[in-house]
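# Summary of the model geometry
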Amino acid sequence: MKYYATSFLIAMLAVFASPNYLTDSPGSKGKPVSFMEQRALAEETTASKPDAKFLSQEFIHKLTPEVDDQYKVKGYSSKEELIRNLSHIASKKVASDYVNGMFEEKNGKLYIIPTDLPPWVEKDKPYELKKLSDTSYHLIQKNKSDLYGEYSITLGFEKVNSHWVITFASVT
């Protein structure tokens, strides 16, 4: 029995340690998926509630890709490609709304519009996670910034195809 358990653990480590693990997953378009994305995908299939803090931070992290000195995005050539890459953490509508507001395509290349990020969840501040049903939650956080003043952000999370995604964002 010990041999089988050890073999299983070694096999799992080999899979998760592989840089190409999940490169053929939906939305990845053959690109390697980060360890954090692998962790989220593995955990969200069994989680009874969303890892709202992780998903919200992963979403905003992906919306701030590396750019060159002309604001050309490195690693993506279109809005649709970036939206597909966000599909494991956000609905197409949420991803499209943010990508369309923050990026533009010129001559077959993707550029970020140089501006401040929209109001978002602050990772080090408290928030409330309200359960609406077994497959629906809301994250609510009140914040204050010099740019936006006082605001409240609400993110909706739904369990879709056995994993959690951000399905809406509202700032008031």
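Structure report, in brief. Here the structure is a predicted model, which is why all the values come from computation and not from measurement.

Rules of the game
Residues numbered from 1 in each chain as written. Predicted model: local features only at pLDDT ≥ 70, side-chain atom pairs only at ≥ 80, totals over all residues. Heavy atoms only, no water. Helix = DSSP H or I, 4+ residues; strand = E, 2+ residues; numbered from the N terminus. Buried < 20%, exposed > 50% of the residue type's maximum accessible area, 1.4 Å probe, protein only. Contact = heavy atoms within 4.5 Å. Areas by Shrake-Rupley, 256 points an atom, 1.4 Å probe, with all protein chains shown as cover. Pairing = 2+ DSSP bridges. Axes fitted to C-alpha atoms, helices over the stretch in contact; angles between N-to-C directions. Phe/Tyr/Trp six-rings, centres within 6.5 Å; stacked < 30°, edge-to-face > 60°. Lys NZ or Arg CZ within 6 Å of the ring centre and 35° of its normal.

Attention shifts here to the overall build of the protein. Helix and strand counts for the protein stand at five helices and six strands. The order of α-helices and β-strands along the protein, N terminus first, is α-α-α-α-α-β-β-β-β-β-β. In the protein, which comprises 172 residues, the proportion classed as buried is 35%. Put simply, of all contacts in the protein between residues at least 6 apart along the chain, 48% involve residues at least 24 apart. By element, 55% of the accessible surface of the protein is carried by carbon and sulfur atoms, the whole surface being about 10400 Å².

So, about the sheet that holds strand β5 (residues 149–160). On the basis of which strands lie adjacent, the open sheet formed by four strands has the order β3-β4-β5-β6 and antiparallel pairing. Edge positions in the open sheet fall to β3 (128–133) and β6 (163–171), since each of these has one partner strand only. Strand after strand, the sheet turns through a mean of 25° between neighbouring axes, direction not considered. In the sheet, β5 pairs with β6 via eight bridges, with the strands oriented antiparallel.

On inspection of all chains with the given rule, the structure shows five aromatic pairs. An angle of 80° between the planes, with centres 5.4 Å apart, marks the rings of tyrosine 98 and tryptophan 120 as edge-to-face. One end of the pair, tyrosine 98, is in helix α5 (residues 92–102); the other, tryptophan 120, is in the loop between β2 (109–112) and β3, and 22 residues separate them in sequence. The exposure class of tyrosine 98 is buried, given its relative accessible area of 14%. Accessibility expressed as a relative area gives 4% for tryptophan 120, which makes it buried. Look at tyrosine 148 and tyrosine 151: their rings are 6.3 Å apart centre to centre, the planes differ by 80°, and that puts the pair in the edge-to-face class. Since its relative accessible area comes to 7%, tyrosine 151 is described here as buried. Through pairs of rings, three or more aromatic residues link up here, namely Phe59, Tyr98 and Trp120. For lysine 106, the ring lying beneath its charged end belongs to tyrosine 111, and the centroid distance is 5.3 Å.

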